[in-house]
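Chain and residue survey
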Amino acid sequence: MSNLTSSINIAKIVRVVPRLRNIEALLLIFVLALNAFELAQIQLSTIEKVTTDLFLYWTPLAAFAGGIHMILRKYAREADSMILPIAVALNGLGLSEIYRLDLAQIASGGTELFAMKQVVWTCLALAAAAAVIIYVPTHLFLRRYVYIAMITGIALLLLPMLPFIGKTINGARLWIGLFGFTFQPGELAKIALTVFFAGYLVTRRESLAIVGRKVLGVQLPRARELGPILVIWAASLLVLVVQRDLGTSLLYFGLFIVMIYVATGRAIYVAVGLTMFITGALVASRIMDYVRGRFDSWLNPFDPAHYDAVGGSYQLVQGIFGMAHGGIFGTGLGGGVPQLVPLAESDFIIASLGEELGMAGLFAIFALYLLLVYRGVRIAFNHSDDFSKLLAVGLSFVIALQTFIVVGGVTRVVPLTGLTTPLLAAGGSSLIANWVILGLLLRISDSAGSKNRELLAETPTSVVNA
Amino acid sequence: MSELALWIVRTGFLAVLWIFIFAIISVIRSDLFGQKVVNKVASAKAPKVVSAPSTPNTLTGAIGGLATAAAASTPTAADANVVATKLVITEGDRKGHTVRLDRREITIGRSEDSDLIIDDEYASTHHAKLVQVNNDWLIQDLNSTNGTFLGGSRVGTPAVVKPNTPVRIGKTTFELKA
């Protein structure tokens, strides 16, 4: 009796399937306990007692996160085990901080509350992610709709410019208003455009990688390959000019550059792209008042002229003061005064958390983002086909870039822009878009596992000789 | 609440937050470097499948694959013209294990989808592959960082691996046997 064969694989099937989901369950329990801790700490330090209100904010997230976990057990058993806990940790932390700002609002007699809205949006967003996991059988089918994705993306981008439904809030025309709801379609556009970029670059990567002439020791791409970059560059500048939003414009262009780099492995595209964008932005800062204002606030925020100006650096400086107040270990959740910063619950949630959790807490948050993006890139790495790789990298980089642009803006690394911090900030469109991205990443990671399983089914695992 | 209690809660929260991050990192770590455990599981749970070379069982199984029997009876066959049918690991963590060459291509590396997983800091994710061409097995180095050594010299272009010639990847050495 002998059954010699290549058999190392068997252990893989036995090991992988339940282990991932069990790890996820453990991490999720940890995260939900952490969320309860946050809410209890906030209540203790602001109203000095723990009330049942806590469950109003804790239970929905816990229930929906648990629901997604069960859905993954049924529909995507081999999906990544860390994405869900990390995302729930960030979402819960944001929710807690928004609740904390609400309590400060209530204490000062304000009526503009965000936490309950955020709870509702969180539930909707998690439901959207669940729908993606259940109804998208494999992400590869997205490849059939590459050009539809492009049209959808552009349409969503242009939607706020339409009369009647388009809305201008705080100077940026990024919203549509329907039946009293406001929504930022640009947030969903980033998913559609990532699908388009991935599909487009898969077909074009060969020619994009062809080396053109060599100038001053640098291999330049062929001139005709710069066409698409020019188109995207023009489109993102159009967003900058018409919608008056530096962040969105930087996000789309940055995403395209990153994906070109991943597809071709040529750093020259990054250099060319960055030069083009910086040139465009500098020209815009000369011509357009609003961009110039942003630049001035960024470079000289403490100058009284900018500090006192309408739309000047007041918000930015308050945020910096807040973070300075927090120091290294922070004032503790509920212990600071983050409500002094305008838009503390959305654009400046990072400054609020920086004040209350300190640098130690802020770095923990950045570490969570880093791990989230790492998992996304890891998923890309596990796939052997280019479309999956590019899509996973693109989706992860949307989160990474957006976090960088927002955090960089608040901490004065780059000019301040109007993007939301993924998963943390108050805002429904952003939550839904980011959870759909996470749902897609979970779906992609599962098919990497299933693909291995199919391959294993094809290869005989034992040769039976009587 | 007293100042002290608040301080403890505050510090405790930061500590728990960081513990969560390190919990995730430890999971990632075990995913990346935990291959050893898998190998132990493989050899413990499926000892019959991953068999040690020249175990008596292979001989006593009278109708067992002819090639296997032949290999077991002539473990040090110097005949370089016979077709290799299995790969035997002669040095390294998985010393003694065999992989049957029942395909046209055997991939070697650290990645989990390799046919021969080598868990070794000196091995690359996709390190090398063995390809069968007209009864010969060729080894091709897949641009590995630390190289593949055939009989002591580094493999550049794909080279024919004669049976019983040691091939070294990191700390693992294997030979092809008839």
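Read on for an overview of the structure. (Residues numbered from 1 in each chain as written. Chains lettered and ligands numbered in written order. Predicted model: local features only at pLDDT ≥ 70, side-chain atom pairs only at ≥ 80, totals over all residues. Heavy atoms only, no water.)

Attention shifts here to the overall build of chain B. Scanning chain B for helices and strands turns up 4 helices and 11 strands. Classification of the 178 residues of chain B by burial places 41% in the buried group. Put simply, of all contacts in chain B between residues at least 6 apart along the chain, 43% involve residues at least 24 apart. Total accessible area on chain B is roughly 9100 Å²; 58% of this is exposed by carbon and sulfur atoms. (Helix = DSSP H or I, 4+ residues; strand = E, 2+ residues; numbered from the N terminus. Buried < 20%, exposed > 50% of the residue type's maximum accessible area, 1.4 Å probe, protein only. Contact = heavy atoms within 4.5 Å. Areas by Shrake-Rupley, 256 points an atom, 1.4 Å probe, with all protein chains shown as cover.)

Residue and element names in this part refer to chain B. Across the sheet, which stays open at both edges, the 5 strands sit in the order β4-β3-β5-β6-β9 with mixed pairing between neighbours. Looking at the sheet topology across the chains shown, the edges are occupied by β4 (116–117) and β9 (159–161). Examined bridge by bridge, strand β3 (residues 105–109) and β4 share 2 bridges and lie parallel to one another. Within the sheet, the bridge partner assigned to I108 lies in β4 and is L116. (Pairing = 2+ DSSP bridges.)

Attention now moves to the packing of helix α13 (residues 349–382) of chain A against helix α14 (residues 386–410) of chain A. Residues and elements named next belong to chain A. Running from amino to carboxyl end, α13 crosses α14 at an angle of 165°, the nearest separation of the two axes being 8 Å. Taken together, α13 and α14 sit at an angle that is classed as roughly antiparallel. Of the two possible hands of crossing, α13 and α14 adopt the one that is left-handed. Along the contact surface, α13 presents I350, A351, F366, Y369, L372, V373, G376, V377, I379, A380 and F381, while α14 presents K389, A392, V393, S396, F397, I399, A400, T403, V407 and V410. Split by residue class, the contact of α13 with α14 holds 17 nonpolar, 3 polar and 1 charged. (Axes fitted to C-alpha atoms, helices over the stretch in contact; angles between N-to-C directions. Parallel < 35°, antiparallel > 145°, perpendicular 65-115°, else oblique. Left-handed = near helix turned anticlockwise from the far one by under 90°. Nonpolar A, V, L, I, M, F, W, Y, C, P; charged D, E, K, R; others polar.)

End to end, helix α8 (residues 246–264) of chain A covers 27 Å across 19 residues, agreeing with the expected 27 Å (1.5 Å per residue, within 8%). At the exit of α8 of chain A stands G265 of chain A, carrying a positive phi of roughly 70°. (Expected span 1.5 Å × (residues − 1).)

Residue and element names in this part refer to chain B. On the basis of which strands lie adjacent, the open sheet formed by 6 strands has the order β2-β1-β11-β10-β7-β8 and antiparallel pairing. Each edge of the sheet is formed by a strand with only one pairing partner; in this case those strands are β2 (98–100) and β8 (153–154). In this sheet, strand β11 (residues 172–177) lies alongside strand β1 (residues 86–91) in antiparallel orientation, the contact comprising 5 bridges. Residue pairing for β11: V88 is matched across the bridge by E175.

Residue and element names in this part refer to chain A. Tallied over the entire structure, the rule returns 7 salt bridges over all chains. Its salt-bridge partner being R375, residue D80 comes within 2.8 Å of it at the nearest N-O pair. One end of the pair, D80, is in the loop between α2 (53–75) and α3 (83–107); the other, R375, is in helix α13, and 295 residues separate them in sequence. One exposure class covers both D80 and R375, and it is buried. Residue E187 pairs with K190 through a salt bridge whose shortest N-O separation is 2.8 Å. On the criterion of helical spacing, the pair formed by E187 and K190 is a turn pair, its members being 3 residues apart in helix α6 (residues 185–209). Residue E187 is classed as buried on the basis of its relative accessible area of 5%. (Salt bridge = Lys/Arg side-chain N within 4 Å of Asp/Glu carboxyl O.)

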